[in-house]
Amino acid sequence: MTPKDVVQTSAPYVGAAEKAAVARVLDSGYYGCGPEVATFEHELSYYLGKDTDVVCTASGTAALHLALTAIGVGHGDEVLAPSVTFVATFQAIAATGARPVACDVHEKNLLLDIEDARRRITQRTRAVIPVHYAGHSGDLDAIYDFARSNRLRVVEDAAHAFGSRNQGRMIGSFGDVVCFSFDPIKNITAGQGGAVVTRNPAVAHDVRLRRELGIERASTTRSDDIVVSRLGWRYAMSDLMAAIGRVQLGRFDSELKPLRQQNAAALGEKLRDLPDIGLPSLDAEDVPHIFPIRIANDRRDVVRKALRDAGFETKVHYPPNHLLPYFSDGAPRPVAERAFQELLTLPLHPGINDDQIAHMVSVIRASLSAPMSSMA
Ligand SMILES: *Cc1c(COP(=O)(O)O)cnc(C)c1O
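The rules behind the values
- Per-chain numbering applies: the sequence of each chain, read as written, is numbered from 1 onward.
- Reporting in this predicted model follows two pLDDT cut-offs: at least 70 for local features of residues, and 80 or more for side-chain atom pairs to be given and counted; totals over whole chains, interfaces and linings ignore these cut-offs and use all residues.
- Side-chain figures throughout are based on the complete set of non-hydrogen atoms in the structure, without hydrogens or water.
- Here a helix means four or more residues in a row that DSSP labels H or I, a strand means two or more in a row labelled E, and each is numbered from the N terminus.
- C-alpha atoms define the radius of gyration, and 2.2 Å times the number of residues to the power 0.38 defines the globule rule.
- Buried, partly exposed and exposed residues are distinguished by accessible area as a fraction of the type maximum, computed with a 1.4 Å probe on protein chains only: under 20%, between the cut-offs, and over 50%, respectively.
- In what follows, a contact means two residues having at least one pair of non-hydrogen atoms within 4.5 Å.
- In this description, accessible areas are obtained by the Shrake-Rupley approach with a 1.4 Å probe, and a residue is regarded as covered only by the protein chains that are shown.
- Put simply, two rings from Phe, Tyr or Trp (the six-membered ring, in Trp's case) pair if the centres are within 6.5 Å, and we call them stacked under 30 degrees between planes, edge-to-face over 60, tilted for the rest.
- As annotated, the domain borders come from an automatic or database domain assignment.
- Reported buried area values correspond to the accessible surface (1.4 Å probe) lost by two parts on association, with both partners' losses combined.
- Each salt bridge in this description consists of a side-chain nitrogen of Lys or Arg and a carboxyl oxygen of Asp or Glu lying within 4 Å of one another.
- What qualifies as a polar contact is a pair of N or O atoms within 3.5 Å, subject to a donor-acceptor requirement within protein and to the restriction that residues adjacent in sequence count only when both atoms come from side chains.
- Within this scheme, the nonpolar core is defined by two criteria: the residues are buried Ala, Val, Leu, Ile, Met, Phe, Trp, Tyr or Cys, and they are joined through side-chain atoms within 4.5 Å.
- Should DSSP find at least two bridges between two strands, the strands are regarded as paired.
- Structural elements are reduced to axes, namely lines fitted to C-alpha atoms, with helices fitted over the stretch in contact, and the angle between N-to-C directions of any two is expressed from 0 to 180 degrees.

### Some details on the overall build of the chain
What the chain contains, in helices and strands, is 11 helices and 14 strands. Taking 21 Å as the expected radius of gyration for a compact globule of 376 residues, we find that the chain reaches 21 Å, a close match to that expectation. Per-residue burial for the chain yields a buried fraction of 53% across its 376 residues. Taking as baseline every contact in the chain between residues at least 6 positions apart, the subset at least 24 positions apart corresponds to 70%. By element, 53% of the accessible surface of the chain is carried by carbon and sulfur atoms, the whole surface being about 16,500 Å².

### Re the packing of aromatic side chains
Aromatic ring pairs are described here by two measures, namely the spacing of the ring centres and the angle between the planes. Under the counting rule described, the total for this entry stands at 11 aromatic pairs. Pairing Tyr 47 with Phe 252 gives two aromatic rings, centres 6.0 Å apart and planes at 85°, and the pair type is edge-to-face. Taken together, the positions of Tyr 47 in helix H2 (residues 35-48) and Phe 252 in helix H8 (residues 239-271) put the pair 205 residues apart, joining distant regions of the chain. Of the two residues, Tyr 47 and Phe 252, both sit in the buried class. Chaining the aromatic ring pairs together yields one cluster made of Phe 40, Tyr 47, Phe 162, Phe 180, Phe 182 and Phe 252.

### Details of the domain arrangement of the chain
Examined at the domain level, the chain breaks down into domain 1 (16-247) and domain 2 (253-375). A straight line from the C-alpha centre of domain 1 to that of domain 2 covers 27 Å. Buried area between domain 1 and domain 2, summed over both chains or domains, comes out near 2,700 Å², and the portion from carbon and sulfur atoms is 51%. Looking only at domain 1, the three residues that lose the most surface to domain 2 are Glu 107, Ala 134 and Asn 187, adding up to 19% of its buried area. On inspection of domain 1 and its partner domain 2, the count reaches two salt bridges. Among the salt bridges present, the one from Arg 294 reaches Glu 107, with a minimum N-O distance of 3.1 Å. Put simply, domain 1 and domain 2 have 21 residue pairs in polar contact (both at pLDDT 80 or more) between them. Put simply, the parts of the chain that give the side of domain 1 that touches domain 2 at least two residues each are helix H4 (87-95), strand E3 (99-103) and strand E6 (165-166).

### Here we look at the nonpolar core
Counting residues in each nonpolar core, the largest one holds 41 residues, and the members touching the most others are Phe 162 and Phe 182. Secondary-structure elements contributing two or more residues to this core are H2, strand E1 (53-57), E3, helix H5 (114-119), helix H6 (140-149), strand E8 (177-181), strand E9 (194-198) and H8. In this structure, Phe 162 is in contact with Leu 44, Tyr 47, Leu 48, Phe 180, Phe 182, Asn 187, Ile 188, Leu 249, Phe 252 and Val 287, ignoring residues within four places of it in sequence.

### A word on the sheet that holds strand E14 (residues 343-346)
The antiparallel open sheet is built from three strands, whose spatial order is E12-E13-E14. Every interior strand has two partners, whereas the edge strands, strand E12 (277-278) and E14, have only one. Seen against the sheet, H8 touches E12, strand E13 (291-295) and E14 and runs at an angle of roughly 15° to E13.

### Some words on the pattern of salt bridges
By the definition in use, this model includes 31 salt bridges. One salt bridge in this structure joins Arg 210 and Asp 206, with 2.6 Å as the shortest N-O distance. Here Arg 210 pairs with Asp 206, and both are found in helix H7 (residues 201-210), just four residues apart, close to one helical turn. Here Arg 210 matches Asp 206 in class, with each residue buried. The salt bridge partner of Arg 272 is Glu 269, with a shortest N-O separation of 3.9 Å. Take Arg 272 and Glu 269: they sit in the same class, and that class is exposed.

As structure tokens, then:
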């Protein structure tokens, strides 16, 4: 089977309009962080909601690093995060010099377990990062209550959740600081990229300076003069990326979002009656980024092999971060570890069609109904 025939777990969904936008910026001769980025930021702010300040970055990881730095997280601090997340969350915390503290997750949705997090609070704990796994943000009010009562800042890792809502509120339109990713397979892409979204002007200002090496223009008359008064990085988005992102944002409500929602709903509908399968916690106001199911009774790897043989790529989101050597403290997080044995992410992106969904489900059904003994 050629790679082209394989149905990928995740894939970008771009076309002629994105190509034309990149060509337009290439022809302009300016590829830095300029007018396209500024326009993309305005369009994102308009989309996300009133009073949002959007600062686009080179990646979602850079957005998290900048956001944490802007709220004052640094050496000696600790930041709470669910162990079930992409390692980018943990690396971004570590990049500030702070220590990521892996928390266990809720059985039902694999989101941060607040009770577990509470037990891990110390004098050094400064912030908590809820991760909107698969696009679902769960009980965010409880996270904010928990943060308020423990004097913690909140940085939402909304890399999976662009366009999702929480009790009717757009993710990014409320809360403390919210980070998105526009990497190739996320709900919208800019080729690469990310954004920090906040309604806190001091945070936005700090992120804006630090994403461009901390450079402040000293004066408009002598533009060669610079002032640098804080640490910064080369973390800005380029106009080439923003051009792609602008087209994707324009297609989001009419195409990208409904296709993701429809495909996830179709998969859920067709798998619902299978007793060994646990469906992801997604509801109608979520825009699903991935479709991670759980398969009980040690059947996960059998299903995975059957899908691979039928041309469907699957993944496991995610190996718990507390099991990674760099972030391990040797202590168990039982819910995350059990989930890791059972999780299987099925292909889900706007390019999947109904035939592929039907085929995928029939392969899963067949592999689950085969007798155990024939599976060795
Ligand atoms: C993708 C992702 C990130 C990082 O985004 P990049 O743009 O790839 O740097 C962070 N957290 C989660 C949960 C992600 O899935």
